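# Examination of the molecular architecture
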Amino acid sequence: MTATQPLWHLLSTVRAASRRSLRDLNADPHRFAAFSRAQDDLLLDFSKTELCADSLALLLRVAEAAGVGTLRDAMFAGDRINVTENRAVLHVALRDRSATPLMLDGVDVKAEIRTTLAQLSDFATAIRTGHLTGATGRAITDVVNIGIGGSDLGPAMATLALAPYHDGPRCHFVSNVDSAHISDTLKPLDPATTLVIVASKTFTTVETMCNAHTARAWITRALGEDAVSAHFAAVSTARDKIREFGITPERAFGFWDWVGGRYSLWSAIGLSVMLAIGPARFRELLAGAEAMDLHFRTAPFSENLPVLLALIGLWHRDVCDYSSRAVVPYDQRLARLPAYLQQLDMESNGKGVTRDGLPVAQPTGPIVWGEPGTNAQHAFFQLLHQGTEIVPVEFLIAAEGHEPELKAHHDLLVASCLAQSEALMRGRTLEEAAAQLRAKGLPEAEVAALAPHRVFPGDRPSVTLAYRRLDPYTLGRLIALYEHRVFVEAAVWNINAFDQWGVELGKELATAFLPAVQGEAVPADASGSTRGLLAHLAPRPA
Ligand SMILES: O=P(O)(O)OC[C@H]1O[C@](O)(CO)[C@@H](O)[C@@H]1O
């Protein structure tokens, strides 16, 4: 029996005994004040969840009993909490601007971080000002970041999110090994004015290396072999492999094994973001994350946004048994946030064994999915409102857009966001539906036939994250908030959020099947299904 198990039982009992509808709970005019918290202008409203004072107090005890604070402090101290890879977890050090050294194996990692950040800033500035040009002397107008997973999703998400701050070259992202991705991306670009960044922690990921070689051939075909040095940069922990690829050491930016791929936006992996918005704005992004780190380290759990967001997630997953959560940013520039969070959350917490290798005691990471609002309303909100599955929703909304001249758009956006959480919470009863139809003058037979279709069960939980404006500082806070939320949930489940063994088997089999796809013998242990598919997909004579 783990220390938290009795508390989970108690939570289920409390829920069963004192359950009230969200509509009923929200009739209390003091509920918003009691069930919302803020870090400066960043507000977390969870008054439209089922939590009550008792359940919240019990959840806070769960966090204490699970030792969340101890594990958090161990992470910040550089302890090797990634037990299956024997690594420290120090992405937080990448945004820690304090002068205090942080020693790991006799090396001050903070000094190394400062040096790399300065090198990145110098390189980004030189490209942005045209001081460093392509091989023909023309300024760089376009950057293509080639990477996948954490070497793509973070920079791609942040670059789109910060579009109003772009004043550097245009950034493009190629991740999929599907030739369509690199082909469509490179087609409109001019090799003479394009910089390619090969971003890969390991520099061995097959998709990235395949795309990198295709980009290399594109450059050399147009500009000759000598142009590689002027048109490529690389970000990796494997400097020897960068050199083998032909990228010069001055354009090789390192990071460290203690930065997990999905936590690496803050490292040199963020180079494309820095090229787009400039080093000063990139530092604002880091400062936002640092502010959230400080809040996570110092705020009491009852006021601590990452802890509370995690406890709400745990409540929904393990007490209410909801198997997914939808992230719906009412912010078009956060369109890639759901995809980014899918990796952050599901690659971190999609685990079935504890840190000690034992089966977990309860369901762990939920399925994370979503799309920006208002588009989502016209796609999957039907199911959220009237389907048989309850999906807690996480809304994100800014008080201000970046286009003051188009305020009418933003007003509609805000109204739509608030309307959706209200509708999910409030619902519409059969009597209310019937009354509406009667008010339209429909005959009683039609009222009876149509009213059931117009009932909304309601009582569907959501949280809202509301902030003043999506600037670099706020984006930094939001991402760090989600990172720490994942951390706290993992700590409570006693799983390791920092490895990803679940991606290995598919990679191994892809390597084994490639020769068969290319016409060689099918591996003896391939299933009948896979043999049939290989035969069906085999090239046909033209
Ligand atoms: O940066 P790399 O080494 O190319 O790895 C890319 C991605 O592949 C994974 O290892 C597995 O999908 C991710 O964790 C990582 O972000």
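Our subject is the structure that appears above.
Cut-offs applied
- Residues numbered from 1 in each chain as written.
- Predicted model: local features only at pLDDT ≥ 70, side-chain atom pairs only at ≥ 80, totals over all residues.
- Heavy atoms only, no water.
- Axes fitted to C-alpha atoms, helices over the stretch in contact; angles between N-to-C directions.
- Helix = DSSP H or I, 4+ residues; strand = E, 2+ residues; numbered from the N terminus.
- Parallel < 35°, antiparallel > 145°, perpendicular 65-115°, else oblique.
- Left-handed = near helix turned anticlockwise from the far one by under 90°.
- Contact = heavy atoms within 4.5 Å.
- Nonpolar A, V, L, I, M, F, W, Y, C, P; charged D, E, K, R; others polar.
- Salt bridge = Lys/Arg side-chain N within 4 Å of Asp/Glu carboxyl O.
- Buried < 20%, exposed > 50% of the residue type's maximum accessible area, 1.4 Å probe, protein only.
- Polar contact = N/O pair within 3.5 Å; in protein donor to acceptor, adjacent residues only side chain to side chain.
- Core = buried A, V, L, I, M, F, W, Y, C linked by side-chain atoms within 4.5 Å.
- Near = heavy atom within 4 Å.
- Areas by Shrake-Rupley, 256 points an atom, 1.4 Å probe, with all protein chains shown as cover.
- 1 Å grid on protein atoms, 1.4 Å probe; cavity = no way out; pocket = protein on both sides within 12 Å on 5 of 7 lines; lining within 4 Å.
- Sits in = over half its atoms within 2 Å of the grid points.
- Pairing = 2+ DSSP bridges.
- Right-handed = clockwise from strand over helix to strand, strands pointing away.
- Points joined across faces, edges and corners; volume = space filled by probe spheres on them.

### Digging into the packing of helix 5 (residues 68–77) against helix 20 (residues 472–493)
It is the contact of helix 5 with helix 20, at a shortest axis distance of 9 Å, that shows an interaxial angle of 125 degrees. Classed by the angle they form, the pair helix 5 and helix 20 counts as oblique. Note on packing geometry: the crossing formed by helix 5 with helix 20 is right-handed. Across the interface between the two elements, V68, L71, R72, M75 and F76 of helix 5 pack against H484, F487, V488, A491 and V492 of helix 20. Partitioned by chemical class, the residues of the contact of helix 5 with helix 20 number eight nonpolar, one polar and one charged.

### Quick word on the pattern of salt bridges
A pair can form between side chains of opposite charge whenever their charged atoms are brought close. A complete count under the given rule lists 32 salt bridges for this structure. For the salt bridge of R20 with D24, the shortest nitrogen-to-oxygen distance reads 3.2 Å. Of the residues examined, R20 reaches a relative accessible area of 40% and is grouped as partly exposed. Overall, the relative accessible area of 37% leaves D24 in the partly exposed class. Notably, a salt bridge pairs E489 with R325, separated by 3.0 Å at the nearest N-O pair.

### Examining unusual backbone geometry
That bond from G373 to T374 is cis: its omega, 10 degrees, falls within 30 degrees of zero. Looking at the secondary structure, you find T374 in the loop between strand 11 (367–369) and helix 16 (381–386). For N86, which is not glycine, the phi dihedral falls at a positive 50 degrees. Its location among the elements puts N86 in the loop between helix 5 and strand 3 (103–104). Even without a glycine there, the phi angle at D321 is positive, about 65 degrees. Here D321 lies in the loop between helix 14 (305–319) and strand 10 (324–330).

### Re the environment of H402
Relative to the elements of secondary structure, H402 occurs in the loop between strand 12 (393–398) and helix 17 (407–426). Among residues more than four places away in sequence, those in contact with H402 are P164, Y165, R333, R469 and L470. A distance of 2.8 Å separates polar atoms of two side chains, one belonging to H402 and the other to Y165.

### Some thoughts on helix 5
Of all the 10 residues making up helix 5, seven are buried; the element is thus mostly covered by neighbouring parts of the structure. Along helix 5, the residues that are buried comprise V68, G69, L71, R72, A74, M75 and F76. Residue G78 follows helix 5 closely and has a positive phi angle near 90 degrees.

### So, the nonpolar core
Ranked by size, the top nonpolar core spans 117 residues in total, and within it W258 and L475 carry the most contacts. Tallying contributions element by element places helix 20 first for this core, with 13 residues. The residues contacting W258, other than those within four sequence positions of it, are A88, V89, L90, H91, L94, L104, V109 and I113. Residues V144, L186, I219 and A234 belong to the second largest nonpolar core, which totals 23 residues.

### Brief notes about the packing of helix 5 against helix 13 (residues 279–298)
Their axes nearest at 10 Å, the elements helix 5 and helix 13 cross at an angle of 140 degrees. Looking at the two axes, helix 5 sits oblique to helix 13. For the crossing formed where helix 5 meets helix 13, the hand is left-handed. Residues R72, M75 and F76 of helix 5 form the contact with helix 13, whose participating residues are D293, F296 and R297. Classifying every residue of the contact of helix 5 with helix 13 gives three nonpolar, no polar and three charged.

### A look at the site of the ligand
Surrounding the ligand, one finds 14 residues, the nearest of these being G150, S151, S200, T202 and T205. In this structure, G150 approaches the ligand through a main-chain N or O atom, which is 2.7 Å from an oxygen atom. The side chain of S151 places a nitrogen or oxygen atom 2.6 Å from an oxygen atom of the ligand. Here the ligand, which alone exposes 390 Å², has 86% of that area covered by the protein. With respect to the pocket detection grid, the ligand is positioned in the largest pocket. The residue inventory of the shell around the ligand, partitioned by class, reads two nonpolar, nine polar and three charged.

### Overview of the side chain of T474
Note on placement: T474 falls in helix 20. Among the polar contacts made by the side chain of T474, one reaches the side chain of R477 at a distance of 2.8 Å. Here T474 is in contact with D41, Y467 and R469, once residues within four sequence places are set aside.

### A word on the pairing of strand 10
With respect to burial, strand 10 is a largely interior element, seven of its seven residues being buried. Alternating residues of strand 10 divide into S324, A326, V328 and Y330 and R325, V327 and P329, and every residue in both groups is buried. Note that strand 10 and strand 11 share three bridges and pair parallel. Across the sheet, residue A326 finds its bridge partner in strand 11, namely W369. Once you follow strand 10 into helix 15 (residues 337–349) and on to strand 11, the crossover reads as right-handed.

### Notes on empty space enclosed by the protein
Per the counting criterion, the structure on display carries five cavities of 30 Å³ or more. Computed from the structure, the largest cavity encloses a volume of approximately 90 Å³. Taken together, 15 residues form the lining of the largest cavity, with G313, H316, R325, P392 and E394 sitting closest to its centre. Within the residue set of the lining of the largest cavity, elements represented by two or more residues are helix 14, strand 10, strand 12 and strand 13 (462–467). For the lining of the largest cavity, the element with the highest residue contribution is helix 14, accounting for four residues.

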